[in-house]
Amino acid sequence: MADRAWVRLPSGRRLDLLAPTPLDWTDADLATGLARTFRWGGHSAWPEPLSVAQHSLTVLALRRTRTRHRLTPAQELRELLHDADEGLINFDCISPLKPFLGPAFAELQARLSGVVATRYRLPPWSAEDKRAHKAVDIAVAAAEAVHVVGWTATEVRETLGIRAAVMAADPLAVRYGDPPWRPWTPDVAAARFVEELGALGARAGL
């Protein structure tokens, strides 16, 4: 029997994780997957865990404020979708464990990221853009560690090895009117993610 790993998505479409194509999911499927995939191993000091969908919107919001030049719609899509593979496989592995999963898992992630890039016509990362993205992603992770999970700032630096300063302001709180850093329910996270994805897609001409 040939190797395959089928999942059936909420839309009814089927995705073979081992042989994905760019047409295997809808935007709503992706948003739902990201909203039901949790960061930090699902651990949270709040009643709800933090979804990758909310994290992705936070990274995009902060990236918009930390750039000297306005991002293009394609660049903003690339920020929003930087963890999109996790929504297709429904798994966000904490970084220290990734080496233990081996090269096959890294290849799977790369394969899924590749079809996402094709589907949404994402430009390749330049070295400068990748550095800017990583700086924002790490800054958001530091803030999540403290405000969502409950680590102290000292523990973030000394135990987790994250050197970014812990920002107090939640980049999404003003926009959505929620308590700062409170994780959203999956339904809310999916709706907000797919709204942003649709808007950016329209601006990018998708």
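Computed from a predicted model, the values in this text were never measured in an experiment. (Residues numbered from 1 in each chain as written. Predicted model: local features only at pLDDT ≥ 70, side-chain atom pairs only at ≥ 80, totals over all residues. Heavy atoms only, no water.)

**Here's the deal with the packing of aromatic side chains**
Here comes step 1: Inspection of every chain in the model, using the stated rule, returns 2 aromatic pairs.
Here comes step 2: When the centroid spacing of 5.8 Å and the interplanar angle of 65° are considered together, the rings of F91 and F105 count as edge-to-face. Linking F91 in the loop between α4 (84-89) and α5 (98-119) with F105 in helix α5, this pair joins segments that are 14 residues apart in sequence.
Here comes step 3: Given a relative accessible area of 13%, F105 falls into the buried group. (Phe/Tyr/Trp six-rings, centres within 6.5 Å; stacked < 30°, edge-to-face > 60°. Helix = DSSP H or I, 4+ residues; strand = E, 2+ residues; numbered from the N terminus. Buried < 20%, exposed > 50% of the residue type's maximum accessible area, 1.4 Å probe, protein only.)

**Observations concerning helix α1 (residues 27-35)**
Here comes step 1: Most of α1 sits inside the fold, with 7 of its 9 residues counted as buried.
Here comes step 2: Buried within α1 are the following residues: D29, L30, A31, T32, G33, L34 and A35.

**Regarding the packing of helix α3 (residues 73-80) against helix α9 (residues 186-204)**
Here comes step 1: Their axes nearest at 8 Å, the elements α3 and α9 cross at an angle of 155°. Comparing the axis directions of α3 and α9 gives the class roughly antiparallel. With respect to the hand of their crossing, α3 and α9 are arranged in left-handed fashion. Counted together, P73, A74, E76, L77 and L80 of α3 and F193, E196, L197, L200, G201, R203 and A204 of α9 form the full contact between these two elements.
Here comes step 2: Across the contact of α3 with α9, the residue classes break down as 8 nonpolar, 1 polar and 3 charged. (Axes fitted to C-alpha atoms, helices over the stretch in contact; angles between N-to-C directions. Parallel < 35°, antiparallel > 145°, perpendicular 65-115°, else oblique. Left-handed = near helix turned anticlockwise from the far one by under 90°. Contact = heavy atoms within 4.5 Å. Nonpolar A, V, L, I, M, F, W, Y, C, P; charged D, E, K, R; others polar.)

**A look at unusual backbone geometry**
Here comes step 1: Even without a glycine there, the phi angle at N90 is positive, about 55°.
Here comes step 2: Within the element layout of this structure, N90 appears in the loop between α4 and α5.
Here comes step 3: The exposure class assigned to N90 is partly exposed, which follows from its relative accessible area of 44%.

**Details of a nonpolar patch on the surface**
Here comes step 1: On the surface, a nonpolar cluster with roughly 340 Å² of combined accessible area is contributed by I94, L97 and F100.
Here comes step 2: Tracing the sequence through the fold places I94 in the loop between α4 and α5.
Here comes step 3: A relative accessible area of 39% means that I94 is categorised as partly exposed. (Patch = residues over 30% accessible without salt bridge, like charges linked within 9 Å, V, L, I, M, F, W, Y side chains within 5 Å. Areas by Shrake-Rupley, 256 points an atom, 1.4 Å probe, with all protein chains shown as cover. Salt bridge = Lys/Arg side-chain N within 4 Å of Asp/Glu carboxyl O.)

**Section: the environment of A191**
Here comes step 1: Structurally, A191 is set in helix α9.
Here comes step 2: With 160 residues separating them in the primary sequence, A191 and A31 have C-alpha atoms 7.4 Å apart.

**Points about the layout of surface pockets**
Here comes step 1: Roughly 1000 Å³ of internal volume is contained in the largest pocket.
Here comes step 2: Taken together, 38 residues form the lining of the largest pocket, with R39, D92, S95, K98 and D137 sitting closest to its centre.
Here comes step 3: The set of elements that each furnish at least two residues to the lining of the largest pocket consists of α4, α5 and α6 (127-149).
Here comes step 4: When residues of the lining of the largest pocket are assigned to their parent elements, the largest contribution, 7 residues, is made by α6.
Here comes step 5: When its residues are assigned to classes, the lining of the largest pocket shows 19 nonpolar, 9 polar and 10 charged.
Here comes step 6: The space that makes up the second largest pocket amounts to roughly 160 Å³.
Here comes step 7: Residue lining of the second largest pocket: R63, R66, T67, R68, H69, R70, L71, Q75, E128, D129 and A132, and that is the complete set.
Here comes step 8: In terms of residue count, the dominant contributor to the lining of the second largest pocket is α6 (3 residues). (1 Å grid on protein atoms, 1.4 Å probe; cavity = no way out; pocket = protein on both sides within 12 Å on 5 of 7 lines; lining within 4 Å. Points joined across faces, edges and corners; volume = space filled by probe spheres on them.)

**Observations regarding the environment of A142**
Here comes step 1: Within the fold, A142 resides in helix α6.
Here comes step 2: Look at A142 and you get buried, because its relative accessible area is 0%.
Here comes step 3: As a C-alpha pair, A142 and T152 span 10 residues in sequence and 9.8 Å in three-dimensional space.
Here comes step 4: What A142 contacts, discounting residues up to four positions off in sequence, is V156, I162, A164, A165 and V166.

**What about the nonpolar core?**
Here is a general trend for soluble globular proteins: nonpolar side chains tend to be buried in one another's company.
Here comes step 1: If you look at the biggest cluster of nonpolar residues, it comprises 33 residues, and the most contacted ones within it are W25, L30, L81, V116, Y120, F193 and L197.
Here comes step 2: Every element with two or more residues in this core is listed here: α1, α2 (52-65), α3, α4, α5 and α9.
Here comes step 3: With near-sequence residues (within four places) excluded, L197 lies in contact with D27, L30, L77, L80, L81 and Y120.
Here comes step 4: By size, the runner-up hydrophobic cluster in this structure holds 17 residues, among which are W40, L62, V136 and M167. (Core = buried A, V, L, I, M, F, W, Y, C linked by side-chain atoms within 4.5 Å.)

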